[in-house]
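Here is how the chains run, residue by residue.
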Amino acid sequence: MVVSSQEWALVDVETSGFRAVQHRVLSIAVATVGKDGRPGEEFSTLLDPGCDPGPVHIHGLTADRLKGSPKFGDVAERVAEMLKGRVLVAHNAPFDYGFLAQEFLRAGKSLPVESRLCTLALNRRLAPATSDLKLATLAAHYGVRMGRAHDAREDVRALAGVLRGSLDEAARLGVRLPLVTCPPKQNGVFRPSAPKVRCSFRCPGRLEGGAPLVQGMKIAITGETDVPREELVARAVAAGLNVMTSVSRFTSVLVTNDGSSATAKARKARENGVPVIDERTFLRLLDDVRPGAPHGETQSVVRAPVPKAEAARPLDGRRVLVLGGTHPKASQARGRVVELGGAAAINLSASVTDVVALDGGDRRMERVAELELPVHEEGWLEAPERGPVRAGPRVLPRGGAVDLPRGGRWTVEASWVRHASCEVDVVAFALDEDGQVSGDEDFVFYNAAETPDGAVRLVADGPAEQQVVVDLAALPEAVRTVTVAAAIDGDATFGDLGAVELVVGPDDAESAFVQATLDAGTSERTMLLAELYRRGDVWRLRVVGQGHEFGLAELARGFGVAVDE
């Protein structure tokens, strides 16, 4: 392995599920590697999580096998010693990092990690000739012996070989390592509650004075109650009501025994004119809840029209990289590329067919020359000659929409300039017909990377590219839209970040279906990137590109997620 300025701490965890705020670490392995590439210490142990171990068929760790093992708090100091002053390395590092951060938080300690390296993100940049980028596949590619899968100690040993091979290849190609700075995340702000039973009925609107409750109504409860809160919620759910953890303009009624309550829910109810009733009235109405309309029942089936064939354009099938120039000028050039039918690339890759060089230069021009790519001046975009049409994804502008030709799993990948200094989080919201989450678990983010049913999953594998995988077939009928968004951590804005590229395609396909470039950002800190939504019995994709100057907490709150004040 090449000599490095870094020391590494390789980590693998086996867990009881995919949501760090809800599930626990069952086993952990840590191995250190010095700057010279030589192995150092190794530590591994099983852990007693104090809960159900989850998918035993995957990791093989039964409750009986874990019984008597140390708690995470018992080994936290040992793990911290090995992590301190080193770069954390893992395959899909945000997953391992998120679980470690949560376990250290539970133990009342700080996770001593200042930066991490994801070998999955690194190999995306290296693009090895492999069928996929799974750890076992990469181990075989780099000539590393792979032990039993989903064994933390064996996986860390294989990871060491993959890291060695990846660093050697990165040095050979001159590829920058996707190191991610690890400032403390807002773990106390986003703390999803336990998954709830999803309501089967559409929300009929607000409770009118003197009218009965109707199945599907969104109910919020705040303050002290005479009947235990858990019992009250259980009775409401059994009656077909949708008990929410927050209040929005879509809330049907707020239940409280204190009409002047100063809680966040009560304040929000007053701001939005939500009806308020006391517990006694609510209990009386629970005795006669009227039938509601199941999700999808009132939706008319709309058949997607057959799209008309588009006229050929000069840059159809070509991928153009714009280098140099000011941000507004580069943005305008990329917009022109899309108008001409081309895909506006933001990073240099093997798929780039043309380069437009604006004033000011760019450090990537040297590499462009080595690759012998055609370089054009800005005026070329006025009337480019038609080149050979190459197969490629359909290019959509901001606001453009298209029917998805099939169901199954779809991947929405967001990427940006690889040398950008901003830290960006891609998130997703599974929304009902009101554009609201049914529960906090429908908010997928860095510390809760999958919905409980696995239908929406986040793969945040690097500082310059992140994915949301949506299984359309697994989405419940109550979910009408999946919105993918991005938020910049800290004080930076999308004007600082620059262009964001979206690539959307079937999860099992080798080629993408849609590509879009969004680079109109200025002072925005959050941006809605895309949405997959139902139209009758057809799923559609829309490129959004709508930005907001507020942060992630406010964005999540707007979709109905309960956010700590």
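Rules behind the numbers
- Residues numbered from 1 in each chain as written.
- Predicted model: local features only at pLDDT ≥ 70, side-chain atom pairs only at ≥ 80, totals over all residues.
- Heavy atoms only, no water.
- Buried < 20%, exposed > 50% of the residue type's maximum accessible area, 1.4 Å probe, protein only.
- Helix = DSSP H or I, 4+ residues; strand = E, 2+ residues; numbered from the N terminus.
- Contact = heavy atoms within 4.5 Å.
- Axes fitted to C-alpha atoms, helices over the stretch in contact; angles between N-to-C directions.
- Left-handed = near helix turned anticlockwise from the far one by under 90°.
- Nonpolar A, V, L, I, M, F, W, Y, C, P; charged D, E, K, R; others polar.
- Pairing = 2+ DSSP bridges.
- pLDDT = per-residue confidence, 0-100.

### Section: helix 5 (residues 119-126)
Now for step 1: In terms of residue burial, helix 5 counts as a mostly covered element, since seven of its eight residues are buried.
Now for step 2: Looking at helix 5, one finds that the buried residues are T119, L120, A121, L122, N123, R125 and L126.
Now for step 3: Lining the buried residues of helix 5 we find strand 4 (87-90), strand 5 (115-118), helix 6 (135-141), helix 7 (152-173), strand 20 (456-459) and strand 21 (465-471).
Now for step 4: Immediately beyond the C-terminal end of helix 5, within one or two residues, lies A127, with a positive phi of roughly 50°.

### Quick word on the packing of helix 8 (residues 229-238) against helix 10 (residues 279-286)
Now for step 1: Taken N-terminus to C-terminus, the directions of helix 8 and helix 10 make an angle of 35°; their axes are 11 Å apart at the nearest point. Every pair of crossing elements has a handedness; the one defined by helix 8 and helix 10 is left-handed. Residues L232, R235 and A236 of helix 8 lie in contact with helix 10, whose contacting residues are E279, F282, L283 and L286.
Now for step 2: Across the contact of helix 8 with helix 10, the residue classes tally to five nonpolar, no polar and two charged.

### Some details on the sheet that holds strand 5
Now for step 1: The mixed open sheet is built from six strands, whose spatial order is 3-2-1-4-5-6. In this open sheet, the two edge strands, each paired with only one partner strand, are strand 3 (39-46) and strand 6 (179-181). Averaged over neighbouring strand pairs, the angle between their axes works out to 25° when direction is ignored.
Now for step 2: Against the sheet, helix 3 (residues 72-83) contacts strand 1 (8-15), strand 2 (25-33), strand 3 and strand 4, and its axis sits at roughly 165° relative to strand 3.
Now for step 3: Taken strand by strand, helix 5 contacts strand 4 and strand 5, and its axis lies near 55° from that of strand 5.

### Comments concerning the environment of A478
Now for step 1: Mapped onto the elements of the fold, A478 is located in the loop between strand 21 and strand 22 (481-489).
Now for step 2: Owing to a relative accessible area of 5%, A478 belongs among the buried residues under this scheme.
Now for step 3: A C-alpha to C-alpha distance of 5.7 Å links A478 and D432, two positions 46 residues apart in sequence.
Now for step 4: A478 has contacts with R198, C199, H295, L431, D432 and E433, leaving out every residue within four places of it along the chain.

### Concerning the confidence of the model for the protein
Any segment with low pLDDT has predicted coordinates that should not be analysed in fine detail.
Now for step 1: On average, the protein scores 85 in pLDDT, and the residues at 70 or more come to 90%.
Now for step 2: Throughout residues 298-304 the model reports pLDDT below 50, and contacts reaching past four residues in sequence, or to other chains, amount to 16 contacts.

### Side note on the pairing of strand 24 (residues 514-518)
Now for step 1: The element strand 24 is largely enclosed, with a buried count of five among its five residues.
Now for step 2: Side chains V514, A516 and L518 project from strand 24 onto one buried face, and the interleaved Q515 and T517 project onto a second face that is buried too.
Now for step 3: Bridge analysis of strand 15 (residues 394-395) against strand 24 gives two bridges, and the strand direction is parallel. Looking across to strand 24, one finds that V395 is bridged to Q515.
Now for step 4: Two elements, strand 23 (residues 500-506) and strand 24, share five bridges in a ladder whose sense is antiparallel. Residue pairing for strand 24: E501 is matched across the bridge by T517.

### With respect to the pairing of strand 4
Now for step 1: Burial along strand 4 is two-sided: the residues V87 and V89 and L88 and A90 are all buried.
Now for step 2: Relative to strand 4, strand 1 runs parallel, the two being bridged by three bridges. Residue pairing in the sheet places L10 in a bridge with V89 of strand 4.
Now for step 3: Direction of pairing for strand 4 relative to strand 5: parallel, over a ladder of three bridges. Along strand 5, the bridge assignment pairs V89 with L117.

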